[in-house]
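Descriptive analysis of the structure
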Amino acid sequence: MFALSRRRLLALAGVSGISGALSLPAPASAAAPDPVADIYRQLLHMHTRWVEEQWDTEIGAYRAADFRFAAVLGNAVLLGLDDYDARLADVDAGTLKAKTVATIQRFAATNRFAGGTEWGRQLFWDSTFELYFVLAARLLWADLDTQTRRNVQQIAVGQASYAYGLGSDDDPLSGDWSPNGTAGGWLGDTKLEEMGVYAQAIAPGLAWAGDDEAAEGWRERFLLWATNASGLPAADLANPAVVDGERIDQRATAHNLHDSFIVENHESASPHYQAELWRTAGRAAIHFLVAGRPLPEVLTHQPNGAQLWATLRLLASDAGEPVMPMVADRYHLYGRDVLPLAFLAQVQGDRDAARAEADLAERLVPYLRYEPKYQLTKFSGEDKYEPEARAELAISYLFHRLLDRPVQPVGKAEFFRRASGTRDFGRDVGLTAHQSEQAFAAAVTKPGFVNFLWQPGHDNWLIDTREAAFLPPDTAPTARWTRAWSEVRDGVDATATVLAVAGGRAGFATLPTGTVVYASTGLPGEGRLSLFNLYMPGVPGLTGSRLFTTPTGSALLSDPGDGDITFAPRDARWVRMLGREPGTEYGYSIFTFSVLDTSGADLAQGAMPTASSEDIWNPARNATDGNPDTRWAVAREERGRADSWLAVDLGSAVRVAGVRIAWEAAYGKRFVIQTSTDGLTWTDAVAVPQTRAAAGWVGIDGRAGLVTHGTKRKIVVSPTEVVAPAPIIEGYPGRRTDLAKLAARPLPTARGLLISDADGYLSVFNLGARPVTGAVVRVPSARRLYRGTQVARRRGLDWTVSLAGGTAVVEPPRFTVEDGVPDGTRFEVADSHHLTVTAPAKHKVVVTVRAGSWSSTIRVSAGRSRSVTVPGAPVTPTADLARGRTTFPTSPLPAGMSAPARAVDGDPRTAWRPGPSGRMVVDLGAVVAVADVQLTWSKGRRRPVRVEASRDGVTYAALSGPARYVAVAVEGWRPGDAELVHLTVR
């Protein structure tokens, strides 16, 4: 947890006394190297170039629009450095300080709490920017006049009083924004964010006016909102942990999370909003730290915080930013992702978060340099995100600089090893996710967001997960089936999803190796992967081109984007862009259309263009008028037309060799450049993008590979897309040199089923409506044994499976055997630990069988059977309803208690220590029939035990009939008493 050194405390003394200013040492003078802080320092300097563009000479301050004046917090932090870099910031310190102080003075006076009328009071979002503003003023307190100081204090006190005065009611100034009282909400629209804002609005008042007579009321309300922001009743009512002097089960009332520990906003699962738990906590925490006041415990011991962070790790990318599986308007919004990670890492001390923070930091400088330069939020979002991102970058930097030793991140490989797992988040959420050490994959089955996602290597700049992987776009399923298997329960981390759509079905399986398998009955438009292909020096893979490896060789394909598109010189009078596919729903729009001669000179400027249609405000002539700020756009009613065009008449036939197109956001994803000498007959000069065709397999940039089966259709690649239509597509992460071998191998077959044995796992799809019972699957390899019955044949194995219609299964190999097994040998695999071998009637069997590090040579006489058992535990799959399920209390745990999950992990080496609270609950995931509960204890004195059950997680009674929650209560437990090794529910 966050701890200030004596040196830092002394540095803060002037600030907390309201008479000095915070003086931050230069990064080089820190007690330990902190490369992340160094990056933040560089970014704050560079981003100041954007800040200076916001100066409004008329008001003598930074602009008010979109709260741009909140940039003063970043300025104040920079001005506290010993090594301010005027060259990097492009403004000298004196000028920056003068502008910053002037801005603070102006906007302190215009805030409603100080008697102004321009801004303030409103909780959403004025209070957030007041929080940044007050902190900036405190950091420059010695430079402010008496009246400005008074105004700043009135803002902090006034906002705390206003938020407190609302009670649990809505803010009448904030429209529809509401925490829904203290009950919260979780279906479709979490109230986690709203409660966090209610709490953070009070924090500056508590930090800077903690001696105010109203402060005790503010504190009580702050703790109430902060505790309930991450509320889940079934978990909280089972948690007597004491935080800030009060038990969670007595303070928590809200329901803001799904029981799978994920939140929804805008009717979709969006990690961006889940991260609000640590974003609002970070905004509040920095005020307490800079003011020299102790942090409220609720900021470092957030109810259910560890479980919510585990969810985000399950959705993590290699850039520290979580995958956005449903909401596309928060993608690659890097500047908005910094603060939650910095708070988790540097304040809460989480080393996994420190890894994610470091990975994100590595991307920030190249991201900032990418157009539009010197902005921390690009590609999506709202205008107010830019000053907000600067303020939160500054807060993150302060967290680092206030520590003598930054929290050290775990290694990248360790991060994803710890993050690995699967989860079906439930039908309401509609997300089944799989994080492995090699890749991220998921299936979204929520209406309106249906998608298959794949990030080989966790690379969030390779495959654009805003578009479906393999699945046809705009898929609207009529039925959906999904399942997640877990290592602890089933012996494998894997998922499978099957969707019924118009014209057939499609299935998707994810494997623990990071490989994915797509299967279908043949759907139009399927088999596509949309690729990122930007030029962003410093970000791995973003070089403006992609290298494809195919059976006929390698091809480096570049995306011209806004660059030159060249072709063999030819004579032409007319040159046009003919659309094939727009990149957005807005059709086509071009700022400048240049026609190039052989020397690269523009022949089109001043020429009169024509177009298939034009918007009344954006006519065709704008594309050649020489003004880079005017543009041509198709007519609104023509936006859905793919073949819109723009043509330029050069006046006479001349030698042309290319074009240069400056696209607006409505760009051409696919188009062709054509030329003509008469304006009637057109000849293709070049198609964009360039394409190549490959049979059977293709490697993508050394980062992934695709293999197709069951089709003669070729894979078509371009710089921004791969199209691989086939009944079965296998996607392999990383660099595979054996893609050709994988493509040539025979797959398992069975009537009515589609099957892949990628990486040794059987991914079996029944895409028909009827069940398949007792199907014999011909598996080419005889070395791997799967659960169930299989018979050795000369060509491999005959494995028997039954599968309901519209479902799938992923079967891991439970045992391996050596080659040379006699034809007709029968293997019956009950689970991961039990195997029976039956020899054929006329042949004895001698076979070596392996399972992990265990091996045994089994000898069986002709016509006889022999069973073997692998020693140790746990046995998978299990019939234990409790194995691997969610347990309560969640975080933070009551004093003296160990994690209840230790009683349901199947590991005899771990156990649940009850502690003085002495009660744990297991969530079985649904109301099921419970016949028996078995408790296995370690050595030691056994205290009286009570077993209870509940359907709703609120009311418990003696176990009787169906239940979802099973509780074990231990009376009077003391250190040295027996601990619970296994809680088994059947």
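Above this text is the structure in question.
Residues numbered from 1 in each chain as written. Predicted model: local features only at pLDDT ≥ 70, side-chain atom pairs only at ≥ 80, totals over all residues. Heavy atoms only, no water.

Helix α17 (residues 338-347) sits mainly inside the fold: 10 of its 10 residues count as buried. Listing the buried residues of α17 in full gives Val338, Leu339, Pro340, Leu341, Ala342, Phe343, Leu344, Ala345, Gln346 and Val347. Directly beyond the C-terminal end of α17, a positive phi value near 80° is found at Gly349. (Buried < 20%, exposed > 50% of the residue type's maximum accessible area, 1.4 Å probe, protein only. Helix = DSSP H or I, 4+ residues; strand = E, 2+ residues; numbered from the N terminus.)

A few words now on the nonpolar core. Counting 154 residues, the largest nonpolar core has Leu73, Phe133, Phe222, Leu299 and Phe399 as the members making the most contacts within it. Broken down by element, the residue count for this core peaks at 10 residues, all from helix α18 (residues 351-369). Ignoring anything within four residues of it in the chain, the contact list for Leu73 reads Tyr132, Leu135, Ala136, Leu139, Ala391, Ala394 and Ile395. (Core = buried A, V, L, I, M, F, W, Y, C linked by side-chain atoms within 4.5 Å. Contact = heavy atoms within 4.5 Å.)

Let's shift gears to empty space enclosed by the protein. Enumeration according to the criterion identifies 5 cavities of 30 Å³ or more in this entry. In this structure, the largest cavity spans a volume of roughly 130 Å³. Of all the elements in the fold, those that place two or more residues in the lining of the largest cavity are α13 (271-274), α16 (305-314) and α17. With 3 residues, α16 is the largest single contributor of residues to the lining of the largest cavity. Taken together, the residues of the lining of the largest cavity sort by class into 10 nonpolar, 3 polar and 4 charged. Estimated volume of the second largest cavity: approximately 100 Å³. As for the second largest cavity, its lining consists of 13 residues, of which Ala199, Ala226, Thr280, Ala281 and Leu299 are closest to the centre. The element contributing the most residues to the lining of the second largest cavity is helix α14 (residues 276-290), with 4 residues. (1 Å grid on protein atoms, 1.4 Å probe; cavity = no way out; pocket = protein on both sides within 12 Å on 5 of 7 lines; lining within 4 Å. Points joined across faces, edges and corners; volume = space filled by probe spheres on them. Nonpolar A, V, L, I, M, F, W, Y, C, P; charged D, E, K, R; others polar.)

Attention now goes to helix α5 (residues 93-110). Helix length check: α5 (18 residues) gives 26 Å between terminal C-alpha atoms against 26 Å at 1.5 Å per residue, within 8%. Residues Leu96, Lys99, Thr100, Val101, Thr103, Ile104, Phe107, Ala108 and Thr110 constitute the buried set of α5. Those residues of α5 hidden inside the fold are in contact with α2 (35-52), β1 (55-56), β2 (61-62), α3 (72-79), α6 (126-139) and α7 (146-165). Its side-chain oxygen at 3.1 Å from the backbone nitrogen of Gly94, Asp92 defines the N-terminal cap of α5. (Expected span 1.5 Å × (residues − 1). Polar contact = N/O pair within 3.5 Å; in protein donor to acceptor, adjacent residues only side chain to side chain.)

On to the packing of aromatic side chains, then. This model, assessed by the stated rule, comprises 33 aromatic pairs. Judged by centre distance (6.0 Å) and plane angle (85°), the ring pair of Phe69 and Phe133 falls under edge-to-face. Of this pair, Phe69 sits in the loop between β2 and α3 while Phe133 sits in helix α6, and the two are 64 residues apart along the sequence. An identical accessibility class is assigned to Phe69 and Phe133; each is buried. A centroid spacing of 6.4 Å and a plane angle of 45° characterise the contact between Phe124 and Tyr198, whose relative ring orientation is tilted. Of this pair, Phe124 sits in the loop between α5 and α6 while Tyr198 sits in helix α8 (residues 192-200), and the two are 74 residues apart along the sequence. Through successive ring pairs, a cluster of aromatic residues spans Phe67, Phe69, Phe107, Trp119, Phe129, Tyr132 and Phe133. Across from the ring centre of Phe107, 4.8 Å away, lies the NZ or CZ of Arg106, which sits over that ring. Taking the ring centre of Tyr956 as reference, the NZ or CZ of Arg919 above it sits at 4.5 Å. (Phe/Tyr/Trp six-rings, centres within 6.5 Å; stacked < 30°, edge-to-face > 60°. Lys NZ or Arg CZ within 6 Å of the ring centre and 35° of its normal.)

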